[in-house]
Amino acid sequence: MAARAQVGRIGGRVLAGVGVLWGAATLSFLALHATAGDAALATVAGDGANPTQAVLERVRQDYGLDLPLHRQYLNYLGNLLTGDLGESYQQRISVTRAIGEQLGPTVALALSAALLALVLAVTVAVFTAGRRRWVRSTASGAEVVLASFPTFVLGLLLLIVFSFRTGWFPVSGNDGFAALVLPAVTLALPIAAVLAQVLRAELEDVLEQPFILTARTRGMRDTAVRLRHALRHALIQIVTMSGYMIGTLLGGAVITETLFVRRGVGQLMLTAVTTKDIPLVLGVVLFAAAVYVVVNLVVDIVYGLVDPRVVTA
């Protein structure tokens, strides 16, 4: 019975995910075609070029831009069903290849930031939960400040202190571990601040439970009680926050890669928007939506396995 409920729940989430992808593709398509201007002109007008009308008509025919909007939309959806995201107007390569070439640096940045955020959040929450009021207030105040900082402001402050003044880390680029540190810290600190607040509140609830008192009466030290018993029960809140974390990482990657002049999907997205490269913008939006959907689906499955009550509720 529970297995059937789990399968039904996963099936519902998959259908919802398909709906999210369709909505992202449709809204992005309509928004870009309503605001992007003449895509044919943007495609061939770089470097001071002055294309003739014949050249523009040829570009429109090549990319199907001369078709009615509904025909372009249906062709776009049909291509999506076959896994074809189209060809970049500017780079003259497939959108899949363009994203694949920039994916590595973004994945390295996102994973580094996520790992750093988790370590910071767990460490701060474990050692401040249930402590004296001034300790919790100080930690909570610092977390609110960090969570409120715009990403580009935080990145600029880190650049001024650790690059321009001390020279400890490079200002920009993708070369080596040192170039990854400041971008990862810029992305990680606001996420860590939010996670630490959520985790501390959950830990303080768990620390009041009877089984914690039983562990203490057996002579177990406070740190061991927090790490072995309280943290294990509180971590489920971190699992439920994974969707928020992925969304923040994807959004923050665009700003961080631009600020630190790093290669990556975020930088690719920004360039595509400024050059009106419609297929590339649509491809990156769909890629980001797909990552978000997959991560939330995995979180739902894991959550159901960890706490079967959510399946039968």
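Everything numeric in this text was worked out from a predicted model, so none of it was measured. (Residues numbered from 1 in each chain as written. Predicted model: local features only at pLDDT ≥ 70, side-chain atom pairs only at ≥ 80, totals over all residues. Heavy atoms only, no water.)

This brings us to the overall build of the protein. If you tally the helices and strands in the protein, you get 15 helices and zero strands. Counting only C-alpha atoms, the protein reaches 85 × 60 × 30 Å along its principal axes. In the protein, which comprises 313 residues, the proportion classed as buried is 36%. Sequence separation of 24 or more characterises 74% of the internal contacts of the protein that already satisfy a separation of 6 or more. Accessible surface, the protein as shown: approximately 16,900 Å² in total, 66% of it carbon and sulfur. Side-chain charges in the protein split into 24 positive and 19 negative, and the spacing between the mean points of these groups amounts to 13 Å. (Helix = DSSP H or I, 4+ residues; strand = E, 2+ residues; numbered from the N terminus. Buried < 20%, exposed > 50% of the residue type's maximum accessible area, 1.4 Å probe, protein only. Contact = heavy atoms within 4.5 Å. Areas by Shrake-Rupley, 256 points an atom, 1.4 Å probe, with all protein chains shown as cover. Lys, Arg positive; Asp, Glu negative; His and termini not counted. Charge placed at Lys NZ, Arg CZ, Asp CG, Glu CD.)

What follows is about the environment of G264. Structurally, G264 is set in the loop between α12 (242-259) and α13 (265-274). What makes G264 buried here is its relative accessible area of 0%. Between the C-alpha atoms of G264 and T217, which are 47 residues apart in sequence, the distance is 53 Å. Excluding its chain neighbours within four sequence positions, the residues that come into contact with G264 are Q102, P105, T106 and E257.

In this section: the side chain of E257. The residue E257 is located in helix α12 in this model. For E257, which is buried and forms no salt bridge, the nearest opposite charge comes from R262, at a distance of 5.6 Å. In terms of polar contacts, E257 uses its side chain to reach the backbone amide nitrogen of Q267, at 2.9 Å. When residues no more than four places from it in sequence are discounted, the contact partners of E257 are T106, L109, R262, R263, G264, V265, G266 and Q267. (Salt bridge = Lys/Arg side-chain N within 4 Å of Asp/Glu carboxyl O. Polar contact = N/O pair within 3.5 Å; in protein donor to acceptor, adjacent residues only side chain to side chain.)

Before going further, it helps to spend a moment on a nonpolar patch on the surface. Residues L157, I160, V161, F164 and V171 make up a contiguous nonpolar surface patch of about 410 Å² in total accessible area. Mapped onto the secondary structure, F164 falls in helix α7 (residues 151-165). Note on F164: relative accessible area 54%, which makes it exposed. (Patch = residues over 30% accessible without salt bridge, like charges linked within 9 Å, V, L, I, M, F, W, Y side chains within 5 Å.)

Located in the positive-phi region is V261, a residue other than glycine, with phi close to 50°. Relative to the helices and strands, V261 is located in the loop between α12 and α13. V261 sits in the exposed class, given a relative accessible area of 52%.

As a further point, take the packing of aromatic side chains. Taken as a whole and judged by the stated rule, the model has three aromatic pairs. Ring geometry for F29 against Y73: centres 5.4 Å apart, planes inclined by 55°, an arrangement best described as tilted. One end of the pair, F29, is in helix α1 (residues 2-35); the other, Y73, is in helix α4 (residues 69-81), with 44 residues separating them in the sequence. A centroid spacing of 5.6 Å and a plane angle of 20° characterise the contact between F29 and Y76, whose relative ring orientation is stacked. Placement of F29 in helix α1 and of Y76 in helix α4 is noted, with a sequence separation of 47 residues between them. Given the relative accessible area of 10%, Y76 is considered buried. Here the aromatic cluster, defined as three or more aromatic residues joined through ring pairs, consists of F29, Y73 and Y76. (Phe/Tyr/Trp six-rings, centres within 6.5 Å; stacked < 30°, edge-to-face > 60°.)

On to helix α5 (residues 95-128), then. For α5, which comprises 34 residues, the first-to-last C-alpha distance of 47 Å matches the rise-based estimate of 50 Å (1.5 Å per residue) to within 8%. In α5, a bend of some 45° at L103 exceeds every other bend along the element, and P105, a proline, comes one to four places later. One or two positions beyond α5, positive phi appears at G130, with a value near 75°. (Expected span 1.5 Å × (residues − 1). Bend = angle between axes of the 7 residues up to and from the residue.)

Core analysis: the largest hydrophobic core is formed by 31 residues, its most contacted members being I191, L195, L199, L203, I212, A230 and L249. Of all elements in the fold, only α5, α8 (178-206), α9 (210-217), α10 (222-234) and α12 reach the threshold of two or more residues within this core. With 11 residues, α8 is the largest single contributor of residues to this core. In contact with L199, other than residues within four places in its own chain, are A121, V122, A125, L231, A234, L235 and I238. F29, Y73, V95 and I99 belong to the second-largest nonpolar core, a separate cluster that totals 21 residues. (Core = buried A, V, L, I, M, F, W, Y, C linked by side-chain atoms within 4.5 Å.)

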